[in-house]
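Residue strings, one per chain:
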Amino acid sequence: MITKIPDEFCCIDMHNHISQGPDGKLNRSMAQELLDGATRLGIQRIGVSRPSTEETVEPSKFRRMNDRVVEAMEMSERFVGFCFVDPHFPDEAAAEIERCVVRHGMAGIKLYHQFFICDDAQKPIMDKAAELGVPVLMHAGKCTDPATIAAQPRLSHAGHFLEALKKFPATMLIQAHIGGGGDWEWNLRMLEGIDSDHYFIDISGSVIDAGIVRRTIETVGVDRVLFATDMSLEEGVGKLLAARPSHEELMKICSGNWNRIAGRRRV
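One structure accompanies this document, and this report is about it.

Calculation notes
Residues numbered from 1 in each chain as written. Predicted model: local features only at pLDDT ≥ 70, side-chain atom pairs only at ≥ 80, totals over all residues. Heavy atoms only, no water. Pairing = 2+ DSSP bridges. Helix = DSSP H or I, 4+ residues; strand = E, 2+ residues; numbered from the N terminus. Contact = heavy atoms within 4.5 Å. Axes fitted to C-alpha atoms, helices over the stretch in contact; angles between N-to-C directions. Buried < 20%, exposed > 50% of the residue type's maximum accessible area, 1.4 Å probe, protein only. Parallel < 35°, antiparallel > 145°, perpendicular 65-115°, else oblique. Left-handed = near helix turned anticlockwise from the far one by under 90°. Nonpolar A, V, L, I, M, F, W, Y, C, P; charged D, E, K, R; others polar. 1 Å grid on protein atoms, 1.4 Å probe; cavity = no way out; pocket = protein on both sides within 12 Å on 5 of 7 lines; lining within 4 Å. Points joined across faces, edges and corners; volume = space filled by probe spheres on them. Phe/Tyr/Trp six-rings, centres within 6.5 Å; stacked < 30°, edge-to-face > 60°. Lys NZ or Arg CZ within 6 Å of the ring centre and 35° of its normal. Salt bridge = Lys/Arg side-chain N within 4 Å of Asp/Glu carboxyl O.

Glancing now at the sheet that holds strand β4 (residues 108-111). Strand order in the open sheet formed by eight strands is β1-β2-β3-β4-β5-β6-β7-β8, and the pairing between neighbours is parallel. Here the strands that pair on one side only, and so sit at the sheet edges, are β1 (11-17) and β8 (225-226). Here strand β3 (residues 79-84) pairs with β4 via three bridges, running parallel. Paired with F84 across the strands is K110, a residue of β4. Here helix α2 (residues 59-75) sits on the sheet and contacts β2 (43-49) and β3; the angle it forms with β3, its principal contact strand, is near 170 degrees.

Given below as structure tokens:
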């Protein structure tokens, strides 16, 4: 039985996170544990960010959080950074994206639930992403329980992504964690027939319902599916392999689709 992803697929977990230690710096021991766990499972590179769940995140704070990502990238070239910003501060957010992507070589932008992905407030960030040729990875889901809805009233679902594709047609969008909780089947039903080379979805999250990865491939097409775990390493690898992907599907999901995204970078 295969329990790790073979090296030939050059696998990248493009949605994961790093932590901050008590000294305010990168928690290097946890970062090393992440690298070690990824190695055991055949994951060669790890996309990391440090977002905030707060309703509003001041620029000084999101800059500090991105500094921890820079530390991780300096610690190991296996870490691929994503820059977190809050659209409440458009000028500061655009400047921070420029700093992170151009100066520090981060690969994309990470957004949380401060606004829906299709909100007009996102335009300065979407324009900057399109200008630099980097993707926007957006926290997403279709939650149905009252507690989560109350805690995340602006959680983007597939319908919001479809609207964002129309509103920001030049920007590459990645819908996070189809297996991150909530009604993933509803999300996939919304995405049936999608036809955009700027839309992608990652398979991360702790949900390991039977058929979730295969259904995702069949609904959006294998060219739009990205491997990711969002900190659920074993679950991520297990549900991918359980989908019994072909050699070609594994190559695209593990690295080929991400390499195609990265190849559009303009800086």
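This brings us to helix α8 (residues 212-220). Taken as a whole, α8 has its buried residues at I212, V213, T216, I217, T219 and V220. Lining the buried residues of α8 we find α7 (184-191), β7 (199-202), β8, α9 (233-242) and α10 (247-262). Note on α8: the residue one or two positions beyond its end, G221, has a positive phi of about 95 degrees.

Right, let's talk about the packing of helix α1 (residues 28-41) against α9 for a bit. In contact at an axis separation of 10 Å, α1 and α9 are set at 20 degrees when each is read in the N-to-C sense. When the axes of α1 and α9 are compared, the pair comes out roughly parallel. Crossing geometry of α1 relative to α9 is assigned as right-handed. Counting all contacts with α1, which are made through L34, G37, A38 and L41, the residues of α9 involved are L233, E234 and V237. Split into classes, the residues belonging to the contact of α1 with α9 amount to five nonpolar, one polar and one charged.

Another point: empty space enclosed by the protein. Per the stated rule, a full pass over the model turns up one cavity of 30 Å³ or more. Approximately 30 Å³ is the volume attributed to the largest cavity. Lining the largest cavity, in full, are A140, G141, K142, Q175, A176, H177, I178, G181, D183, W184 and N187. Here the residues of the lining of the largest cavity sort into four nonpolar, five polar and two charged.

A word on the packing of aromatic side chains. One pass over the structure, following the stated rule, counts two aromatic pairs. A centroid spacing of 5.8 Å and a plane angle of 45 degrees characterise the contact between F82 and W258, whose relative ring orientation is tilted. A residue pair is termed long-range when its members are at least 10 positions apart, and F82 in strand β3 and W258 in helix α10 qualify at 176 residues. Ring geometry for F161 and Y199: centres 6.4 Å apart, planes at 80 degrees, overall edge-to-face. Of this pair, F161 sits in helix α6 (residues 158-167) while Y199 sits in strand β7; the two residues are 38 residues apart in sequence, bridging distant segments of the chain. In this structure, K142 is placed above the aromatic ring of W186, and the distance from its NZ or CZ to the ring centre is 4.4 Å.

Turning our attention to the pattern of salt bridges. Evaluation of the coordinates by the stated rule reveals 16 salt bridges. With a closest N to O distance of 2.8 Å, K61 and E54 form a salt bridge. You can call E54 partly exposed: its relative accessible area is 35%. Across the pair E71 and R68 runs a salt bridge, and its minimum N-O distance is 2.4 Å. Here R68 and E71 lie together in helix α2, a separation of three residues that amounts to about one turn. Here R68 falls in the buried class, since its relative accessible area comes to 7%. Overlapping salt bridges, with partners in common, bring together D67, E96 and R99 in one network.

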